[in-house]
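Reading the structure
Now for the letters of each chain:
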Amino acid sequence: MTAIEGANELDRLVSRSRLIGADPALVLHGGGNTSTKLLERDQLGRERRVLRIKGSGSDLATVTASDFPGLWLDELVPLRERGVISDEEMIAYLGRCLVEPDSARPSIETLLHAFLPATHVDHVHADAICALANAPDPHAAVRAALGPDVAVVDYVRPGFELSCRVAELSDRRAVVLAHHGLVTWGDTHEESYGLTLELVRLADLFVGPIDPGSAAPAPDGATTERFLVRLRGLLSRDRRQVLAVDRTQRAFADRGDVERLARMRSTPDHMLRIGVETCVIGLDDDLAGKLGEFEAERRAVFERHGRGEPELGRSPKVVLVPGLGAVAAGPDRRAAEVRREIARHSHAAVAATLDRFGGASWLDESDVFGFEYWPLELYKLTLAPPPAELAGHVAIVTGAASGLGREIARDLSARGAHLVLADIDGDGLEEACREQPGDAIAVEGDLTDGAVLDRLVHTAVASFGGLDAVVLNAGVAATGSLDTVTEQEWRRSLEINLTSHFLLTRRVIPLLREQGIGGSLVFVASKNAFAPGAGFGPYSVAKAGLVQLMRIAALEGGKDGIRANAVNPDAIFGGSKLWSEEVRRERAEAHGVPLEALEEFYASRSLLGRPVTGEDVAEAVAFLVSDRSRATTGAVLPVDGGVAAAFPR
Ligand code: ZN
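Residues numbered from 1 in each chain as written. Predicted model: local features only at pLDDT ≥ 70, side-chain atom pairs only at ≥ 80, totals over all residues. Heavy atoms only, no water.

**Regarding the coordination of the zinc ion**
- The protein atoms that coordinate the zinc ion are E109 (OE), H123 (NE2), H125 (NE2) and H180 (NE2), at distances of 2.1 to 2.8 Å.
- Coordination at the zinc ion comes from four donor atoms whose angles at the metal span 82 to 172°, giving a geometry best classed as irregular. (Donors = N, O, S within 2.8 Å, 3.2 Å for Na, K, Ca; no water. Tetrahedral: all angles 85-135°; square planar, octahedral: opposite > 155°, others 65-115°.)

**A few points about the domain arrangement of the chain**
- By the assigned domains, the chain splits into domain 1 (9-207), domain 2 (221-360) and domain 3 (394-576 + 613-646).
- Centre-to-centre, using C-alpha coordinates, domain 2 lies 35 Å away from domain 3.
- At the interface, 15 residues of domain 2 touch 19 residues of domain 3.
- Of the roughly 1,500 Å² buried between domain 2 and domain 3, counting both surfaces, carbon and sulfur atoms make up 51%.
- A per-residue breakdown of the area domain 2 buries against domain 3 is headed by E225, R232 and R333, which together make up 40% of the total.
- On the surface where domain 2 and domain 3 come into contact, there are seven salt bridges.
- The salt bridge involving D627 is made with R240; its shortest N-O contact spans 3.0 Å.
- Taken together, the connections running from domain 2 to domain 3 amount to ten residue pairs in polar contact (both at pLDDT 80 or more).
- Elements with a minimum of two residues in the side of domain 2 that touches domain 3: helix 9 (221-235) and strand 8 (242-246). (Domains from an automatic or database assignment. Contact = heavy atoms within 4.5 Å. Buried area = accessible area lost by both parts, 1.4 Å probe. Salt bridge = Lys/Arg side-chain N within 4 Å of Asp/Glu carboxyl O. Polar contact = N/O pair within 3.5 Å; in protein donor to acceptor, adjacent residues only side chain to side chain. Helix = DSSP H or I, 4+ residues; strand = E, 2+ residues; numbered from the N terminus.)

**Observations regarding the side chain of N33**
- Within the secondary structure, N33 sits in strand 1 (residues 33-41).
- A distance of 2.5 Å separates a polar atom in the side chain of N33 from a polar atom in the side chain of E109.
- Not counting residues up to four positions away in its chain, the partners in contact with N33 are K54, L60, S107, E109, H113, V121, D122 and H123.

**As for the environment of P387**
- Relative to the assigned elements, P387 resides in the loop between helix 16 (375-382) and strand 12 (394-398).
- With 312 residues separating them in the primary sequence, P387 and E75 have C-alpha atoms 39 Å apart.

**Digging into the pattern of salt bridges**
- According to the stated counting rule, one finds 42 salt bridges in the structure shown.
- One salt bridge connects E337 with R340, and the closest N-O pair in it is separated by 3.5 Å. Of this pair, E337 and R340 both sit in helix 14 (residues 333-357), three residues apart, which is roughly one turn of the helix.
- What makes E337 partly exposed here is its relative accessible area of 26%.
- Two residues, R415 and E389, come together in a salt bridge whose shortest N-O distance is 3.0 Å. (Buried < 20%, exposed > 50% of the residue type's maximum accessible area, 1.4 Å probe, protein only.)

**Here's the deal with the sheet that holds strand 4 (residues 120-124)**
- A sheet is described by the order of its strands in space; here seven strands give the open sequence 3-2-1-4-7-6-5, paired in mixed fashion. Each end of this open sheet is capped by a strand with a single partner; those strands are strand 3 (70-72) and strand 5 (150-153). Strand-to-strand twist across the sheet, computed as the mean angle between neighbouring axes with direction ignored, equals 25°.
- Both strand 5 and strand 6 (residues 174-177) contribute to a ladder of four bridges, which runs parallel. Within strand 6, the position partnered with V153 by the bridge is L177. (Pairing = 2+ DSSP bridges. Axes fitted to C-alpha atoms, helices over the stretch in contact; angles between N-to-C directions.)

**Looking at unusual backbone geometry**
- With phi around 55°, H179 is a residue other than glycine that occupies positive phi space.
- Looking at where H179 falls in the secondary structure, it is placed in the loop between strand 6 and strand 7 (181-186).

**Here we look at the packing of aromatic side chains**
- Under the counting rule described, the total for this entry stands at four aromatic pairs.
- Each ring, one from F115 and one from F160, has its centre 6.2 Å from the other, and the planes form 85°; the classification is edge-to-face. Residue F115 is found in helix 4 (residues 110-115), and its partner F160 is found in helix 7 (residues 160-167); the two are separated by 45 residues along the sequence.
- Residue F115 is classed as buried on the basis of its relative accessible area of 6%.
- Residue placement shows R356 over the ring face of F357; its charged tip is 5.8 Å from the ring centre.
- Sitting above the plane of the F536 ring, R587 keeps its charged end 4.7 Å from the centroid. (Phe/Tyr/Trp six-rings, centres within 6.5 Å; stacked < 30°, edge-to-face > 60°. Lys NZ or Arg CZ within 6 Å of the ring centre and 35° of its normal.)

**Details of the side chain of K37**
- Inspection of the secondary structure puts K37 in strand 1.
- No salt bridge is formed by the buried K37, whose closest oppositely charged neighbour, D187, lies at an N-O distance of 9.3 Å.
- Contact partners of K37, with chain neighbours within four places excluded, come to R49, V50, L51, L73, H113, A114, L116, P117, A118, T119 and V121. (Lys, Arg positive; Asp, Glu negative; His and termini not counted.)

**Brief notes about helix 20 (residues 487-515)**
- End to end, helix 20 covers 41 Å across 29 residues, agreeing with the expected 42 Å (1.5 Å per residue, within 8%).
- Of all the bends in helix 20, the greatest, near 40°, is centred on E495.
- Taken residue by residue, helix 20 has S493, N497, S500, H501, L503, L504, T505, V508, I509, L511, L512 and Q515 as its buried positions.
- G516 lies just past helix 20 and shows a positive phi near 80°. (Expected span 1.5 Å × (residues − 1). Bend = angle between axes of the 7 residues up to and from the residue.)

**Digging into the nonpolar core**
- Residues L231, L456, L467, L521 and F523 are the most contacted members of the largest nonpolar core, which totals 60 residues.
- Broken down by element, the residue count for this core peaks at seven residues, all from helix 19 (residues 450-464).
- In this view, L467 contacts R232, V394, A395, I396, A460, V508, L511, L512 and Q515; residues no more than four positions away in its chain are not counted. (Core = buried A, V, L, I, M, F, W, Y, C linked by side-chain atoms within 4.5 Å.)

**So, the sheet that holds strand 13 (residues 418-423)**
- Strands sit in the order 14-13-12-15-16-17-18 across an open sheet of seven strands; the sheet is parallel. What marks the edges here is a single partner per strand, and that holds for strand 14 (440-444) and strand 18 (636-639). Ignoring strand direction, the axes of neighbouring strands in this sheet form an average angle of 15°.

**Focus: the pairing of strand 13**
- For strand 13, a buried count of six out of six residues is recorded, marking the element as mostly surrounded by other parts of the structure.
- The alternating pattern of strand 13 places H418, V420 and A422 on one face and L419, L421 and D423 on the opposite face, and all of these are buried.
- The sheet contact formed by strand 12 and strand 13 spans five bridges and is parallel. Each bridged residue has a counterpart across the sheet, and for A395 the counterpart in strand 13 is L419.
- Crossover handedness for the path strand 12 to helix 17 (residues 403-414) to strand 13: right-handed.
- Where strand 13 meets strand 14, five bridges bridge the pair, whose relative direction is parallel. Note that in strand 14 the partner of V420 across the bridge is I441.
- Regarding the hand of the β-α-β motif, the stretch spanning strand 13, helix 18 (residues 426-435) and strand 14 is right-handed. (Right-handed = clockwise from strand over helix to strand, strands pointing away.)

**Some words on the pairing of strand 6**
- Neither face of strand 6 is exposed, since A174 and V176 on one face and V175 and L177 on the opposite face are all buried.
- Taking the sense of rotation as the criterion, the β-α-β connection linking strand 5, helix 7 and strand 6 turns out right-handed.
- Pairing of strand 6 with strand 7, which is carried by three bridges, proceeds in the antiparallel orientation. Residue V175 lies in a different strand from strand 7, and its bridge partner there is V183.

Structure, rendered in structure tokens:
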């Protein structure tokens, strides 16, 4: 094996950790940990041995030196003689052994690393090792696959007792922790890491390939869409959830033993992030009925243990869908994707165990229950920042490549919304997607084309599981007095500024109804809807129609919680393509002001006498998108600096 590089021992520990973290078949999202014992000086200048171990909650793939708190080894090792120590005592004790008191909290598996005499220790939750560790007889499986010098420790939750048991086996080559993972060690970085790779490779060879299930044709787009939005609606009753679909997990969902597979877990990561909340629901099943059964079953387990609602909730976190794959839910896309990935590895490990050994062993209900209420692991989850205002919201913004649409998208994204952006300008759209602080997906195309609108809405559902809001913003300026404007120009304005919005509204309303958690449609109209300008007919007529379209949508959507409102901006110049040179010239002429004074003119004629910015409009749109405006529908909110002639009526 090639040498693990680094300027010093701590750097080499970082390199080794990142090598392990880079392979999702070894560890996932904060799982696993690594350590090195080295010499450091204390405040009196004495050389003492220090354990540098990964901090709780950091991810091996991206760790840096500061993610490895140091603990004085001569204070840790004597703890082994104590006999029994509670989790809370252990954590408090570890806190007092820190080299730097304000460093990251050390891993809950710190004592396991400390009690092993080897200089370097690695711990992973590799899929192939877990496939052995969950065999009906893990001892026999590990002996057969990895040889007699690798020991097995029966399941104990990580902590003091497990650390002592593993330390007793330090004369062996490595240790497999039943239902958990692998511990290796060595005198050099290369030795410990190399042993991990070697044992995982042997386990892989031993368990062999997985039965891929049936290969029935995939469901059509409409069936998938209907299933996803209904599922999202049911899972979002307390708090909005985002769904992540994984079609590669069809191999597990289509198996004859899928119900059994869904009830098994393979690693502590799976327990922590998903718990036992995995269920199987068919595309044609009664969704509400199935979920009701699942949740009643979960409640019964908690009642049996005399506890209230679990920390992680009672709804499924992962749903295996025969014919489709797996769908993971989370309060935002990142959380849903973490669950999707952990489920994929866990399901693969469980399927391998079932195929290779014809059965599997797993924790009993009280062990599982204990894990869900385990404060040491739940601590990791509390490290996440509080959710943003629009976290879990999915919104479409049309005309998002430039100007107002782009400003609105940036604002919604900063508030945590997941976005699907549409525009005919592909380059601008790519740029707009890149500048978003959060997730944004581009759908390029002519929004007067029903097929493009269909693709737009379907993309939102396929990417995030549903839809909460649509900002109907796409538009073009169209000028010309009635005696000279061409029929073609007139039709083009109505087509883009009005009919395309009708088509999108028509596509979205049944979907929101099916989803069952309401929704918000925000129409970006114009001050011109109420106060039109001479020579601006094609545009003003379309915008007046748009306000009326909004009102009809509010009337028809109300009973399903679908709100529809409009914003009426005026005279926003920054970045907007609406204000082409030609339009500017025409408007300046119409108002009798010089071209360069046009912006000032618009600002000065308003009641507030101040310019209106894209940010002002974005703020109003965010309000109408969010639940803050939950009691408002059919309203027009002017964002024009105050134009008396354009007061809503
Ligand atoms: Zn572990």
